[in-house]
Every structure is written in structure tokens, then in C-alpha cells.
Amino acid sequence: IVEALTDNRNRTASDLRSIFTKNHGTMGESGSVGFMFEHVGMIEYPAEKILEEAMLEAAIDAGAENCETAEGVHSITTAFETLGSVRDALAQKFGDATSAKHLFMPKITAPASGADVATLMELVEALEDNDDVQEVFTNVEISDADAATLSA
């Protein structure tokens, strides 16, 4: 899913179609892959300042759907509609979050490996380089070995 903010829809659609074509992709109709994603709210707090149990309890009390702690970050998932109220409730208890935003989480993932991963990442980077693109969401599942190859 590509989120874009533009003052000229036709120009942006043309630019994105061109990027997809040049990078071996295909642009679907608006909303054609929406069923593979869930529109949710995501709030993040640094884990070193707040105990995991305290964050979990506060998130549940605030109405969050999920709270996970990994890699030094508490990630609280909310329904799209309740992001603001959950963010405000947690801010009263713990202060401002590092991040609070809407995003598309994949419901269905698709594995990619080898050359496909490199091609896909080139497409994503080209899309992100467009001035009108705000965010790019994918449902690709990349193995640790392929991710390490990309980083090298």
C-alpha cells in the first residue's frame, strides 16, 4: 500500500505507475490489496523507562488491543478509531510517546527470497523517494539471511 499526499492526483498516479513499471512491479486499482492489511494505530514507548508489566496493564486499561515489547520498544496496537484516546490515556500516565501513528499491518504475508527481495526493496526505495509518497507498506516476509544480504 502506498500512501501519498498530493495537490495533483493525476501527476502522482502517473509518477507512481512509472515507478512501478521501471522497477518490475504492477500498480493495482485503488483498494485492490486492502483486504490483506488491517488499518490500526501504533504507539511506541522506550522500554528502558517503563516496566513491561506496567505498560501492559496501562495499555489494557486504556483500551489497546495488544502490547508487545521487543528490541527496547513497547509497541501498543489499537483500533484505528481509538488511537487518540489510548495515546492520551498513556500520555497521562507515562508522558508523551516516542511515536503514535496510523499504519497498515499485514494480515496475510508473502515470502520473498533471493533476487526477488532485492528487486522488491529497489521498488520500495524508489517509491519512498517520490516527494508525494508519505509511507509504503508491504506484506513481504524476508528471511534473516536475505535481510543480512541486503544490509551488506
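Shown above is the structure to which this text applies.
Everything numeric here is computed off the predicted structure, so don't read it as measured data. (Residues numbered from 1 in each chain as written. Predicted model: local features only at pLDDT ≥ 70, side-chain atom pairs only at ≥ 80, totals over all residues. Heavy atoms only, no water.)

Caption draft 1: Representation of the sheet that holds strand S5 (residues 99-106). Across the sheet, which stays open at both edges, the four strands sit in the order S3-S4-S2-S5 with antiparallel pairing between neighbours. Strands at the two margins of the open sheet, each flanked by one partner only, are strand S3 (66-70) and S5. Direction aside, neighbouring strands of the sheet carry axes that sit 30° apart on average. Two strands pair when backbone bridges link them, and S3 and strand S4 (residues 73-79) are joined in this way by five bridges, in the antiparallel orientation. By the bridge assignment, Thr-69 is partnered in S4 with His-74. Each of strand S2 (37-46), S4 and S5 touches helix H3 (residues 83-94); the most contacted strand, S2, lies at about 10° to it. (Pairing = 2+ DSSP bridges. Helix = DSSP H or I, 4+ residues; strand = E, 2+ residues; numbered from the N terminus. Axes fitted to C-alpha atoms, helices over the stretch in contact; angles between N-to-C directions. Contact = heavy atoms within 4.5 Å.)

Caption draft 2: Structural context of the packing of aromatic side chains. This structure, assessed with the given rule, holds two aromatic pairs. Geometrically, the ring pair formed by Tyr-45 and Phe-94 is edge-to-face, given 6.0 Å between the ring centres and 70° between the ring planes. Note that Tyr-45 is positioned in strand S2 and Phe-94 in helix H3, a separation of 49 residues in sequence. Overall, the relative accessible area of 2% leaves Tyr-45 in the buried class. (Phe/Tyr/Trp six-rings, centres within 6.5 Å; stacked < 30°, edge-to-face > 60°. Buried < 20%, exposed > 50% of the residue type's maximum accessible area, 1.4 Å probe, protein only.)

Caption draft 3: Structural context of helix H1 (residues 9-22). Here H1 is 14 residues long and its end C-alpha atoms lie 20 Å apart, about the 20 Å a rise of 1.5 Å per residue gives. Listing the buried residues of H1 in full gives Thr-12, Leu-16, Ile-19 and Phe-20. Along the axis of H1, the buried residues cluster in a sector spanning 100°; they form a single face. Turned more than 90 degrees away from the buried face of H1 sit Asn-10, Thr-21 and Lys-22, all of them exposed. Against strand S1 (2-4), helix H4 (115-129) and strand S7 (133-136) lie the buried residues of H1. The backbone nitrogen of Asn-10 lies 3.3 Å from a side-chain oxygen of the residue at the head of H1, namely Asn-8. With its phi angle positive at about 65°, His-24 sits one or two positions after the end of H1. (Expected span 1.5 Å × (residues − 1). Arc of directions from axis to C-beta. Polar contact = N/O pair within 3.5 Å; in protein donor to acceptor, adjacent residues only side chain to side chain.)

Caption draft 4: Broad picture of the environment of Glu-135. By secondary structure assignment, the location of Glu-135 is in strand S7. Spatially, the C-alpha atoms of Glu-135 and Met-55 are 28 Å apart, while their sequence positions differ by 80 residues. Those residues within four positions of Glu-135 in sequence are excluded, and the remaining contacts are Ile-1, Val-2, Glu-3 and Lys-101.

Caption draft 5: Representation of the environment of Val-33 within the structure. Considering the arrangement of structural elements, one finds Val-33 in the loop between H1 and S2. Residue Val-33 is classed as partly exposed on the basis of its relative accessible area, which comes to 32%.

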